[in-house]
Amino acid sequence: MGNEGSHLSCARSDRTPSISSKSHQQHERKARRSPSAVSGDSLGFQRQGSDSSSESGDERETAMVIYSKNSVKASTSSAANRPGSGSKTLVIPNGASKRNRRKCIPDKPNYSINLWSIMKNCVGRDLSKIPMPVNFNEPMSFLQRLTEDFEYSSCLDNAAKCDQWEQMCWVAAFTISSYCSTTTRTGKPFNPLLGETFECDRRDDLGWRSFTEQVSHHPPTCAMYATGNTGWSLEQEFTMSSKFRGKYLQIIPLGIAHCKFDGSGNHYTWRKVTTTVHNIIVGRLWVDNHGEMDIVNHKTGDKCHLKFSAYSYFSKDIPRKVTGVVTDKQGTARWVLRGTWDSQMEAAKVLGTSQHGSKPVFETGEYKVVWKRRFPPAHLEKCYNMTVLGVEMNEIEDGVAPTDSRHRPDQRLMENTLWDEANKEKQRLEEKQRAARRLREKEAELATAEGKSFPEYQPAWFKKTKDPITGNLIHMFTHEYWDCKDKQDFSRCPDIF
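As the structure is a prediction and not an experimental result, all values here were calculated from the model.

What counts and how
- Residues numbered from 1 in each chain as written.
- Predicted model: local features only at pLDDT ≥ 70, side-chain atom pairs only at ≥ 80, totals over all residues.
- Heavy atoms only, no water.
- Phe/Tyr/Trp six-rings, centres within 6.5 Å; stacked < 30°, edge-to-face > 60°.
- Helix = DSSP H or I, 4+ residues; strand = E, 2+ residues; numbered from the N terminus.
- Buried < 20%, exposed > 50% of the residue type's maximum accessible area, 1.4 Å probe, protein only.
- Pairing = 2+ DSSP bridges.
- Salt bridge = Lys/Arg side-chain N within 4 Å of Asp/Glu carboxyl O.
- Core = buried A, V, L, I, M, F, W, Y, C linked by side-chain atoms within 4.5 Å.
- Contact = heavy atoms within 4.5 Å.

A ring pair, where both rings are aromatic, is described by two values, the distance of the centres and the angle of the planes. Enumeration according to the criterion identifies 18 aromatic pairs in this entry. Pairing Phe150 with Phe174 gives two aromatic rings, centres 5.8 Å apart and planes at 35°, and the pair type is tilted. Here the residue Phe150 occupies a position in the loop between helix H3 (142–147) and helix H4 (154–159), and Phe174 occupies one in helix H5 (residues 164–177), the gap between them amounting to 24 residues. Residue Phe174 is classed as buried on the basis of its relative accessible area of 4%.

Take a look at the structure:
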């Protein structure tokens, strides 16, 4: 941790502080870590020329849900001698109900597939338009994976209690926390079907609830809205471009996130940084998150500039390093941040600024931890390296919309280790979606030939409108979902499964 009166030096060209204080030099001299490496088997495939390995034969009991076209039934299969995966409702003293959620899912089976036979024709192409077998996936929709960003929602809860510059530090910590599980988790989430939704109501235990919908298929776009019990809300429209370059896969987020606080009225926006998956064909897979992120407070004009340093074998910096500086409207530094996106972030108040050559030197107060990673239990390593919250995401819940990701049959079959059946079901769902798109295109052509206008696809729970901040057209939550859920009126939901 930093000491009172420690100093930071900041190169203006980088716009982020490089640490020169004695305490931070000690922080940087920690043992260097190599990039997190995950074997090809963790993705569910076997690289060309590699051998598959057998799994342990331990006898275990895990609850599974098996989907058929017209029915859902619970069954039990052999899994691990570990915490159970069933769930039930507990009654706590104040009379509110709190669900006891599952602790695991069936272990990932040892299926193999020749990666190069699929990827060799994908170089330079957008992977969102290329059908992939479930062997590359984890049993989770991208809507659920995006919701998993709220694993460290406590950062936003703390932000709601702070003034504007310290609040910015907590918001920055929240944005950084969403990357921590990528060090060991390289499975691809299922691409959501058009009209697919996911609700997550955790007000009783985690203090927030969210709703997400896939609002466009080309380009693939999902819209999210979430609120916290402590007076914050977060909405974002997430889309991205992805390119396979042969040796690596690069994912570039394009959407913007908005976070608002009721108490202060502060309104923040940011865009996620680039994620790169290395060694797609040969070697051990590892993920890097890199680039620059600007968090802007549109009420006050304050900014936080974060720099995610790209990993380099020859760099003297610690791997996965993140540095940042919070400035006011006039550009005066108020707080600084340091740490790594896979472990923890610290923040310190700037007490004064001096000049050292062309670089400003910041005198800071004591550093305090604003985010620290919680590692999942060891048994989840066999569950696709999921987090605790991730394991809970796909658990069946009553009363959710028929379009909810929990009802997606190919995803459920994969979770239940029935990968062959999951691949067949995935093909059926994708063909059903293509058929629906062809029908809309045909109807649009007929309408055009007759001189009539044809309405574009309309999401069920979001409405396209102009973003007051950016001026771009975005999808805004209509706030109708939760009322319809209370009435169990899902008549507007499309038939996608």
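Working note: regular strand, side chains alternate between the two faces of the sheet. Sheet topology places strand E24 (residues 462–466) next to strand E25 (residues 473–477); five bridges connect them, and they run antiparallel. Considered in E25, the bridge of Lys464 is made with His475.

If you walk through the whole model with that rule in mind, you get 32 salt bridges. As a salt-bridge pair, Glu415 and Arg102 come within 3.0 Å of each other at their nearest N and O atoms. A residue pair is termed long-range when its members are at least 10 positions apart, and Glu415 in helix H7 (residues 409–415) and Arg102 in the loop between strand E6 (97–100) and helix H2 (115–119) qualify at 313 residues. Take Glu415: its relative accessible area is 3%, and that puts it in the buried class. Overall, the relative accessible area of 6% leaves Arg102 in the buried class. Here Glu456 and Lys464 are joined by a salt bridge, their closest N and O atoms 3.6 Å apart.

This part covers unusual backbone geometry. Where the residue is not glycine, phi is negative for most of them; where a peptide bond is considered, it is trans in most cases. Cis geometry marks the peptide bond from His218 to Pro219, where omega comes out at 0°. Inspection of the secondary structure assignment puts Pro219 in the loop between strand E10 (208–216) and strand E11 (221–228). One non-glycine residue, Gln488, adopts positive backbone phi at about 55°. Within the element layout of this structure, Gln488 appears in the segment after helix H9 (481–487).

Soluble globular proteins tend to pack their nonpolar side chains together in the buried interior. In terms of nonpolar packing, the biggest core is built from 63 residues, with Leu234, Trp270, Ile295, Leu306, Phe308 and Leu337 touching the most fellow members. Considering every element that reaches this core, the biggest residue donor is H5, with eight residues. Setting aside residues up to four positions removed in sequence, Phe308 forms contacts with Ile176, Tyr179, Val273, Asn289, His290, Gly291, Met293, Lys321, Val322 and Trp341. Among the nonpolar cores identified, the runner-up in size contains 15 residues, and Val215, Ala223, Tyr225 and Phe462 belong to it.

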